[in-house]
Amino acid sequence: MGELHVLLELQQVDLKLDKLQETLKKLPVFEEFKKLKEQAGTAKEALAQAEAKLQAKLKAIRSLEGQLQLAEDEHKEVLARLYGDSEQSAKELEKLERRAAALKSQQQKEEEQLLMAMEGAEELTKVVNIAKSEYNSVYQKLREKQKSGNEEISRLKEESFHYSEQRQLLSRQVAKPLLEEYNAQRQKFQGRPLAQVEKDICLGCRVSVSSMLKVKLNHPDCKINCENCGRILVPYHLE
Ligand SMILES: [Zn+2]
């Protein structure tokens, strides 16, 4: 196989490598993963907030229970003194009765507060559970996306590696100056600095080659550039 035909094969490999690089760069999984990561962050924050609110509510309940217990104890004590055997003056009895009544109403008020706080805690527990399942579901999706994304990326990288090896193998079969010219011209011709000739037409620019070039094209390994577009022309393949 002539050097230019090897180079043409190299061009095909390079085009595949370019396409793979482009695919890797634009993989939708990156954007999807980023979005899920943001969602997981928001869900985690919501869960932490709900848990903090629930903890605060539970703390308030414990404190109310303590207050209520104190009021109950004192109420019992006052009643014992009020109905006990010890002799008390009318004034003292009146004072004790007032205290007992005050404690009773305080107890009722605190019981109501406690009931409301418990209802609040129940609601907050529901909120926490919803936030927890929301976070778990997003987190699960994130892990799955990471797994499938990694698989896709490593598949594409393996493919790239395969073509890179082919590229090295082919490069070694092309003389350095020609390889350098090809590499330098790749960008200018969108990765196709080499053009085949078919029915005396340069397939790079679709312009007919001159009869002088036609003669030269019959000699393999004779490097000719298209007179119109400048691409390196690949001679007719002589079997
Ligand atoms: Zn041309």
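Data block above holds the structure.
Predicted model only: the values in this text are computed from it and were never measured. (Residues numbered from 1 in each chain as written. Predicted model: local features only at pLDDT ≥ 70, side-chain atom pairs only at ≥ 80, totals over all residues.)

Helical periodicity: at 3.6 residues per turn, an α-helix aligns residues three or four positions apart in one direction. For helix 1 (residues 3-25), built from 23 residues, the straight-helix expectation of 33 Å at 1.5 Å per residue is met to within 8% by its first-to-last C-alpha distance of 33 Å. If you check which residues of helix 1 are buried, you get Leu4, Leu7, Leu8, Leu10, Gln11 and Asp14. The elements touched by buried residues of helix 1 are helix 3 (90-171), helix 4 (176-185), strand 1 (194-198) and strand 4 (232-234). (Helix = DSSP H or I, 4+ residues; strand = E, 2+ residues; numbered from the N terminus. Expected span 1.5 Å × (residues − 1). Buried ≥ 20, exposed ≤ 12 C-beta atoms within 10 Å, placed from the backbone. Contact = placed C-beta atoms within 7 Å.)

Not every positive phi belongs to a glycine, and Asp200 is a case in point at roughly 60°. Position of Asp200 among the secondary structure elements: in the loop between strand 1 and strand 2 (201-202). Overall, Asp200 belongs to the partly exposed group, with 14 C-beta atoms counted inside 10 Å. Unusually for a residue other than glycine, Arg206 sits at a positive phi of about 65°. Among the secondary structure elements, Arg206 is positioned in the loop between strand 2 and helix 5 (211-217). On the basis of neighbour counts, which here come to 11 C-beta atoms within 10 Å, the residue Arg206 falls in the exposed class.

Turning to the sheet that holds strand 4, a few remarks are in order. A sheet is described by the order of its strands in space; here four strands give the open sequence 2-1-4-3, paired in mixed fashion. Sheet topology places strand 2 and strand 3 (224-225) at the edges, where each strand pairs with a single neighbour. In this sheet, strand 2 lies alongside strand 1 in antiparallel orientation, the contact comprising two bridges. Following the sheet pairing, Val197 is matched in strand 2 by Cys202. (Pairing = 2+ DSSP bridges.)

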